[in-house]
Amino acid sequence: MASHDERSGSIGIGDGDIRKENRSLPLFGQRVLQCFEFDPSLRYLNHGSFGASPRDVRKKLRQYQDLAEASPDRFIRYETAEILHESRAALAKLLHAPTDTVVLVPNTTTGVNTILRNISWNDDCRDEILYFSTVYGACGKTIDYVVDSGLGRVSSRAIQLKYPLEDNEVLALFKDAVDQCIKDRKRGRIAVFDTVSSLPGVRLPFEEITKACREAGILSLVDGAQGVGMIDINLEVLDPDFFVSGCHKWLYVPRSCAVLYVPLRNQTLIASTVPTSHGYVPKVGERFNPLPKTKAPVFVNSFEYVGTQDMSAYLCVKDAITWREEVLGGEARILEYIQTLAREGGKRVAQILGTEVLENKAGTMGRCAMTNVALPLRPEVISSALQWMLETMMADYQTFMPLIMHNGRLWARISAQTYLSIGDFEWAGLVLLDLCRRVEKGEYQIGRS
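Below you will find a few notes about this structure. (Residues numbered from 1 in each chain as written. Predicted model: local features only at pLDDT ≥ 70, side-chain atom pairs only at ≥ 80, totals over all residues. Heavy atoms only, no water.)

### Concerning the sheet that holds strand S7 (residues 258–261)
Hydrogen bonds between backbone atoms are what pair the strands of a sheet, whose relative direction is either parallel or antiparallel.
Phase 1 of the analysis: As summarised here, the arrangement of the 7 strands in space is S1-S7-S6-S5-S4-S2-S3, forming an open sheet in which the pairing is mixed. Two strands in the sheet have a free side with no partner beyond their single neighbour: strand S1 (102–105) and strand S3 (154–159). Recorded for the sheet is a direction-independent mean angle of 20° between the axes of neighbouring strands.
Phase 2 of the analysis: Across the sheet, helix H8 (residues 137–148) touches strand S2 (127–132), S3, strand S4 (187–194) and strand S5 (219–224), and the angle it forms with S3 is around 150°.
Phase 3 of the analysis: Sheet contacts for helix H10 (residues 206–216): S2, S4 and S5; angle to S4, the most-contacted strand, approximately 170°. (Pairing = 2+ DSSP bridges. Helix = DSSP H or I, 4+ residues; strand = E, 2+ residues; numbered from the N terminus. Axes fitted to C-alpha atoms, helices over the stretch in contact; angles between N-to-C directions. Contact = heavy atoms within 4.5 Å.)

### What to know about the pattern of salt bridges
Phase 1 of the analysis: In the structure shown here, the tally under the stated rule is 24 salt bridges.
Phase 2 of the analysis: Glu207 serves as the salt-bridge partner of Arg203, at 2.9 Å between the closest nitrogen and oxygen.
Phase 3 of the analysis: Owing to a relative accessible area of 8%, Arg203 belongs among the buried residues under this scheme.
Phase 4 of the analysis: Notably, a salt bridge pairs Arg409 with Glu356, separated by 2.3 Å at the nearest N-O pair. (Salt bridge = Lys/Arg side-chain N within 4 Å of Asp/Glu carboxyl O. Buried < 20%, exposed > 50% of the residue type's maximum accessible area, 1.4 Å probe, protein only.)

### What to know about the sheet that holds strand S8 (residues 370–374)
Phase 1 of the analysis: Taken in spatial order, the 3 strands of this open sheet run S8-S10-S9, and their pairing is antiparallel. With one partner strand each, in any of the chains shown, S8 and strand S9 (403–406) form the two edges of the open sheet. Neighbour-to-neighbour, the strand axes of this sheet turn through a mean angle of 35°, independent of strand direction.
Phase 2 of the analysis: As paired elements, S9 and strand S10 (residues 409–415) share 4 bridges and run antiparallel to each other. Looking across to S10, one finds that Ile404 is bridged to Trp411.
Phase 3 of the analysis: Each of S8 and S10 is contacted by helix H15 (residues 331–353), which is oriented at about 15° to S8, the strand it contacts most.

### Focus: the packing of helix H5 (residues 55–70) against helix H14 (residues 317–328)
Phase 1 of the analysis: Close contact between H5 and H14 brings their axes to 9 Å; oriented N to C, the two are set at 160°. Accordingly, the angle class assigned to the pair H5 and H14 is roughly antiparallel. Judged by the twist between their axes, the crossing of H5 over H14 is right-handed. Mapping the contact onto sequence places Asp56, Val57, Lys60 and Tyr64 in H5 and Lys318, Asp319, Ala320 and Trp323 in H14.
Phase 2 of the analysis: Each residue belonging to the contact of H5 with H14 can be placed in one class, and the counts come to 4 nonpolar, no polar and 4 charged. (Parallel < 35°, antiparallel > 145°, perpendicular 65-115°, else oblique. Left-handed = near helix turned anticlockwise from the far one by under 90°. Nonpolar A, V, L, I, M, F, W, Y, C, P; charged D, E, K, R; others polar.)

Encoded structure:
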């Protein structure tokens, strides 16, 4: 199979060269690949897990780190807040939200924890957290922890999803769960749901679910880990109660960084960051704060300094957004390319494997930049071979595609990106086909006692 260099040509052309060469049309695929710093032997088909940041943005990251090392007190105490505000403002503009409703946290899991751990549960023990069975594992465990530590005041209700499903079917299942909650003399207090779920990687009708929450008087917590930079997000229109989205995934911000949105009406509900730090306002008395006084609102101030940490990635948000505009032509072009590539690439992989893409009749599940393709394996071998397949993909093929058991079948999730092309998906299909043939030959059993 072709190496990274064979697909991409010389690695010598940098981001600035692309700007000079063609200012009117973004050069997706092999040319954009040269702007990233992947191992030449790697085919990176799993952007949805950890993301990636282009060389130019990573240079900005190191510049901020160098400034912090050159004069720690000056940069951290007196200069970081202003640059942080610029990044929040750029992100707020992209998301169509007021700047003072947007703060930055290390990752989406931290954002979800921040919201759920700040909710005050009622003593009548009727509060309930609603979520879908496809919830991201760490967020599901956060719900478990909140219930386990809640002294019986809060419970949870899982809504089972077995894809493929039409959007109206997902919405109906949610509304049925709300109705059942009432019948069980429970109170739906908050609902946690994805923009695009992780495993499998499919788009949920999050806009309609948010509206249903509003109508039912349930707080909406939208987990947009797979969100900003992959699908269009307009918080003014969506109007969720809380929204979290990973910036180091699809927006090309260096790891790790996520945006937490809390509208003004709900900011009093969020008393503390996780962990609690200098921005916390005690109910009685005051404590000494060694940091310079700020004019920022209480909510924003709470998140400006949460213990000593490397905030360089946060400062790069504005740089990543600028890079996407100047080098790739802006959000609309990026989203159109990666969503089209995911859709057409998934079809091509399915053709190679002789299987199908996980999609509904309306085609709405796949309106994102990830695709899920069924693998042609007998169910009885999957549980024994799964870990071997994942390890072998990385060791023998220098790539990784998450494998998901869903509704009785094994699916491979593949992420589309601006640095990939249809040829990468064809290569992925051949890798998966070869891997499945090796499983059928029993290679996963070699060396087992």
